[in-house]
Amino acid sequence: EKKITLKELKKSKVVISLGGGGFLNKIIRRRVKLSSISFWLDIDLNNLVTRLIKSKKRPLLHKKDVKKTINKIYLKRKKFYNKADYKIDCSLLKPEEIVNKICKLYAHTRD
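Residues numbered from 1 in each chain as written. Predicted model: local features only at pLDDT ≥ 70, side-chain atom pairs only at ≥ 80, totals over all residues. Heavy atoms only, no water.

Residue alternation in strand E1 (residues 39-42) divides its side chains into a buried set, Trp40 and Asp42, and an unburied set, Phe39 and Leu41. Strand direction decides the pairing type here: E1 and strand E2 (residues 86-89), joined by four bridges, are parallel. Directly across from Phe39, in E2, lies its bridge partner Tyr86. (Buried < 20%, exposed > 50% of the residue type's maximum accessible area, 1.4 Å probe, protein only. Helix = DSSP H or I, 4+ residues; strand = E, 2+ residues; numbered from the N terminus. Pairing = 2+ DSSP bridges.)

Written out as structure tokens, the structure reads:
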């Protein structure tokens, strides 16, 4: 994952969606900060739990107390996610509203 991400970050005019753990990697985070604009798409923890509680694709959530596990992971990762250039609270936003916010913020950085 690290090798592929670093390779993709060398490209120009691309959008890369990192998995939840990608930005935790110091080397990836440094490369993102040097060559890209980063966005943290945050969400209320209760909404996150609702979305993830039945997921079979999240190995870290194969525990009995999913809400407790999500809270623990979120609190641990939050300090790294806060290093993103922009944080967008997506709790009450529709996907197209999130895209519009990202586009506006991106355009603003290009001015």
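Our focus in this paragraph is the environment of Ser17. Positionally, Ser17 belongs in the loop between helix H1 (2-9) and helix H2 (26-35). Considered as a pair, Ser17 and Phe39 are 22 residues apart in the sequence and their alpha carbons are 9.5 Å apart.

Reported here for the largest pocket is a volume of approximately 1800 Å³. Lining the largest pocket are 45 residues, and of these Ile16, Ser17, Leu18, Phe39 and Leu41 sit closest to its centre. Elements with a minimum of two residues in the lining of the largest pocket: H1, H2, E1, helix H3 (45-52), helix H4 (66-81) and helix H5 (95-110). Residue contributions to the lining of the largest pocket peak at six residues, all from H5. (1 Å grid on protein atoms, 1.4 Å probe; cavity = no way out; pocket = protein on both sides within 12 Å on 5 of 7 lines; lining within 4 Å. Points joined across faces, edges and corners; volume = space filled by probe spheres on them.)

For the coordinates displayed, the defined rule picks out three salt bridges. Note that Lys11 is salt-bridged to Glu8, the shortest N-O span being 3.0 Å. Under the relative-accessibility criterion, Lys11 is labelled partly exposed at 43%. Among the salt bridges present, the one from Lys87 reaches Asp42, with a minimum N-O distance of 3.4 Å. One end of the pair, Lys87, is in strand E2; the other, Asp42, is in strand E1, with 45 residues separating them in the sequence. With a relative accessible area of 48%, Lys87 lands in the partly exposed category. (Salt bridge = Lys/Arg side-chain N within 4 Å of Asp/Glu carboxyl O.)

Among the residues of H3, Leu48, Val49 and Leu52 are the ones counted as buried. All buried residues of H3 fall inside an arc of 100° around its axis, so they share one side. Exposed side of H3, more than 90 degrees from the buried face: Thr50 and Arg51 are the residues found there. Contacts made by the buried residues of H3 are with H4. Its side-chain oxygen at 3.0 Å from the backbone nitrogen of Asn46, Asp44 defines the N-terminal cap of H3. (Arc of directions from axis to C-beta. Contact = heavy atoms within 4.5 Å. Polar contact = N/O pair within 3.5 Å; in protein donor to acceptor, adjacent residues only side chain to side chain.)

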